[in-house]
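Residue strings, one per chain:
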Amino acid sequence: MRFRHPDGTLVHLSYCTNVHPAETLDGVLAQLRDHCEPVRRRLGRDRLGIGLWLAHDAARTLVDDPAALRGLRTELDRRGLEVVTLNGFPYEGFGAEAVKHRVYRPDWTEPERLAHTTDLARLLAALLPDDVTEGSVSTLPLAWRTGFDEHAAATARTALTTLTERLDALEELTGKSVRVALEPEPGCVVETTADAIGPLAALPGDRVGVCVDTCHLATAFEDPATALAALDAAGIRVPKAQLSTALHAEHPHRPEVRAALAAFVEPRFLHQTRTTTAAGLRGTDDLPEALAGDTLPDAAPWRAHFHLPLHAPPAPPLGSTLPVLRDTLARLVGGAHPRTHHLEVETYTWQALPPGARPRTRGRLADGIAAELTLARDLLTDLGLRELP
């Protein structure tokens, strides 16, 4: 979906296809047919943006076979779909029964991460619509925090420096500008936007910036105004923002709130949980740890890294961090000029929701995704952006 900002520039809204995990190119093509096109039709749009997730095997197939890449571009066009951004965070196995810490490997200390991200940038340059010259790829925030020492930091910095050189060469060759965005996430080396400033300021140019994920921002109790002002002051770009909401518990000391939170415990993904204290942010690496006894202080609200459907917050006594999303979005695109041109709804946890909230059919899932995009569209038009055909 495309929007015209009052300053005349385009802002793109998409939804991320990691909600339909597929490891192969055939699986990606099936996604377009079975999920993405039906969502577009529900919205009544001639064109729908998707934030494509290409697992390692699918990406390598496309890199090795130019005919397959042309075929994917043709299929996107045929189904009224367009791609301006890729989700390069998960490398493979995102549809496994237990993802947990696996999603952080390989990290930016391993050569496979640089090779995969380079592949994604080259593929995106070929998939961008003819009238679009800028693309974005989101990636993991360096690594999971444990075991990340000075040597690891230097290795990651070298890899990202090499990436910037390759992205410069890609633009020179294709005329398409692709930027990569580290996505701060609780528990990682770069947990907050503030954590991103030091590593990114050490890189040459502005090819690598920050992907602001509003679920992660809220889980870490970051203030959107402070976070974005700090990035601006450091000269760090926001090539992409992911629109998502976290699970919020206002009174975690109450037994009924603990019981409601327990319904969100599930085996596939990590749900890092945070609270604020007088000594600063405290947290656990997963929701079950937070619920176990007095591991996490419960005198102040808790937030858990669980991407909730934007339009469907959980029933009381729980809630979502939609107000943080609204505030962040207003600061990203509600001003005189947009701070980012790529927005992506990223609710990949539909099938991890408590059983009663999970969509049981493809049609129900398409309905839910379309409802999320409708809410995002309304937020954008309320900010003065104009939806384009």
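Everything discussed here concerns the structure shown above.
Residues numbered from 1 in each chain as written. Predicted model: local features only at pLDDT ≥ 70, side-chain atom pairs only at ≥ 80, totals over all residues. Heavy atoms only, no water.

## Looking at the pairing of strand 8 (residues 240-243)
Residues Lys240 and Gln242 line one face of strand 8 and the alternating positions Ala241 and Leu243 line the opposite face, and both faces are buried. When strand 7 (residues 208-213) meets strand 8, the two strands line up parallel, connected through 3 bridges. When the bridges of strand 8 are listed, Asp213 appears paired with Gln242. Direction of pairing for strand 8 relative to strand 14 (residues 342-345): parallel, over a ladder of 3 bridges. Looking at the pairing, Gln242 lines up with Glu344 of strand 14. (Buried < 20%, exposed > 50% of the residue type's maximum accessible area, 1.4 Å probe, protein only. Helix = DSSP H or I, 4+ residues; strand = E, 2+ residues; numbered from the N terminus. Pairing = 2+ DSSP bridges.)

## Some remarks on helix 8 (residues 224-234)
Inspection of helix 8 places Pro224, Ala227, Leu228 and Leu231 among the buried residues, and these make up the whole buried set. All buried residues of helix 8 lie within an arc of 90 degrees about the axis, which places them on one face of the element. In this structure, helix 8 carries Thr226 and Ala233 as exposed residues pointing more than 90 degrees from its buried face. Looking at the buried side of helix 8, the elements it contacts are helix 6 (193-201), strand 7, helix 7 (214-219) and helix 11 (322-333). Of the residues flanking the end of helix 8, it is Gly235, one or two places downstream, whose phi is positive at about 70 degrees. (Arc of directions from axis to C-beta. Contact = heavy atoms within 4.5 Å.)

## What to know about empty space enclosed by the protein
In this structure the tally under the stated criterion is 2 cavities of 30 Å³ or more. Considering only enclosed or pocket space, the largest cavity measures out at about 170 Å³ in volume. Taken together, 18 residues make up the lining of the largest cavity; nearest its centre are Phe94, Val103, Glu185, His305 and Tyr348. Each pocket or cavity is described by its volume, and for the second largest cavity that value is around 40 Å³. Taken together, Pro184, Glu191, Thr193, Cys211, Val212, Asp213, His216, Leu217 and Glu222 form the lining of the second largest cavity. Only strand 7 and helix 7 provide two or more residues apiece to the lining of the second largest cavity. With 3 residues, strand 7 is the single largest residue contributor to the lining of the second largest cavity. Across the lining of the second largest cavity, the residue classes break down as 4 nonpolar, 2 polar and 3 charged. (1 Å grid on protein atoms, 1.4 Å probe; cavity = no way out; pocket = protein on both sides within 12 Å on 5 of 7 lines; lining within 4 Å. Points joined across faces, edges and corners; volume = space filled by probe spheres on them. Nonpolar A, V, L, I, M, F, W, Y, C, P; charged D, E, K, R; others polar.)

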